[in-house]
Amino acid sequence: PHYAKRDSSLRLVGSEMCIRDRAIAEFDAAFEINPNNPDALICKGGQIALSGRADEGIELCMEAIHFSRNYPEWYLWEFGITYFSAERFDDAIETFSKMSEQNTDTRIYLAASYGIRGRLDEAARCLREAFQADPKFSLDRIPEVYAYLPEKDFTNLRDGLEAAFNASTNKTVVRIER
């Protein structure tokens, strides 16, 4: 989402370039300048979650929301990704559902989360909405677009999206390969 890119570019760069440790070190340096920066806290939370420390990431996201009670909506994106990485799919669904801008990425994570939880009608609906929101969207592009995800998170995304797609077509026809 455009608002997430503006304020969490370090997370995206760190994720896509697989340099999470450096991104986390940069956030730590930012905290030396301003230890109460909720934007840096929420972004570091997402980055830490993607590095395999999801519970710690959730704590940082909660701390950011505590610091900034009127937080911007893009915090929900970071928090949703962190919950997804922690395999707390019901929390991810609740968090992503609060977002007023339901873009393709949000719908993909919602579809996967619903699919994993076995809520297949909702998963299929979110996947249809993702296709409607972006006519160029294709399941074939999932491995490329979500290459930044660690293997566990990609597997969960893949499995949830396969369940969503197969539910929407009433047959088992798709397998997403990385």
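Structure's up top.
Presented here is an overview of the structure given in this document.

What counts and how
Every chain's residues receive numbers from 1 upward, in the order its sequence appears when written. With pLDDT at 70 or above as the cut-off, local features in this predicted model cover only qualifying residues; side-chain atom pairs require 80 or more to be listed or tallied, and sums for whole chains, interfaces and linings still use all residues. Only hydrogens and water are set aside when side-chain values are computed; all heavy atoms of the structure are taken into account. Buried residues of nine kinds, namely Ala, Val, Leu, Ile, Met, Phe, Trp, Tyr and Cys, make up a nonpolar core once their side-chain atoms join them within 4.5 Å. Only protein chains enter the area calculation, which uses a 1.4 Å probe; residues under 20% of their type maximum are buried, those over 50% are exposed, and those in between are partly exposed. Segments assigned H or I by DSSP are reported as helices when at least four residues long, segments assigned E as strands when at least two residues long, and all are numbered from the N terminus. In this analysis, two residues are considered to be in contact whenever any of their non-hydrogen atoms come within 4.5 Å of each other. Angular values range over 0 to 180 degrees, each being the angle between N-to-C directions of two axes fitted as lines to C-alpha atoms, with helices fitted over their stretch in contact. The cut-offs work like this: below 35 degrees is roughly parallel, past 145 is roughly antiparallel, 65 to 115 is roughly perpendicular, and the gaps in between are oblique. By definition, any crossing whose near helix is turned counterclockwise from its far helix by less than a right angle is left-handed, and any crossing with a clockwise turn is right-handed. Stacked, tilted and edge-to-face are the three classes applied to pairs of Phe, Tyr and Trp rings, where Trp contributes its six-membered ring and a pair requires centres within 6.5 Å; stacked means planes under 30 degrees apart, edge-to-face means over 60, and tilted covers the rest.

### Observations regarding the nonpolar core
Membership of the largest hydrophobic core comes to 51 residues, with the highest contact counts inside it found for Y109, L127 and L157. For this core, the secondary-structure elements that each account for two or more residues are α3 (20-33), α4 (38-50), α5 (54-67), α6 (74-85), α7 (89-97), α8 (104-116), α9 (120-133) and α11 (151-169). Tallying contributions element by element places α6 first for this core, with 8 residues. Ignoring anything within four residues of it in the chain, the contact list for Y109 reads W77, I81, F84, F96, Y146, Y148, L149 and L157.

### Examining α7
Among all positions in α7, only F89, A92, I93, T95 and F96 are buried. Contact partners of the buried residues in α7: α6, α8 and α11.

### Things to note about the packing of α6 against α8
For the pair α6 and α8, interaxial distance at closest approach is 11 Å and the crossing angle is 30°. As far as their axial angle goes, α8 and α6 are roughly parallel. At the point where α6 passes α8, the crossing takes the left-handed sense. Residue-level inspection shows W77, I81 and F84 of α6 in contact with α8, the latter providing D105, T106, Y109, A112, S113 and I116.

### Observations regarding the packing of aromatic side chains
All told, the structure shown has 11 aromatic pairs when counted by the stated rule. Clustering of aromatic rings is evident, with ring pairs tying together W77, F84, F89, F96, Y109, Y146 and Y148.

### A look at the environment of I58
With respect to the secondary-structure elements, I58 resides in helix α5. A residue is classified by how much of its surface remains accessible, and I58, at 4% relative accessible area, is buried. Taking C-alpha positions, I58 is 9.6 Å from G80, a pair spaced 22 residues apart along the chain. Those residues in contact with I58 that sit more than four places away from it in its chain are F79, T82, Y83, A86 and R88.

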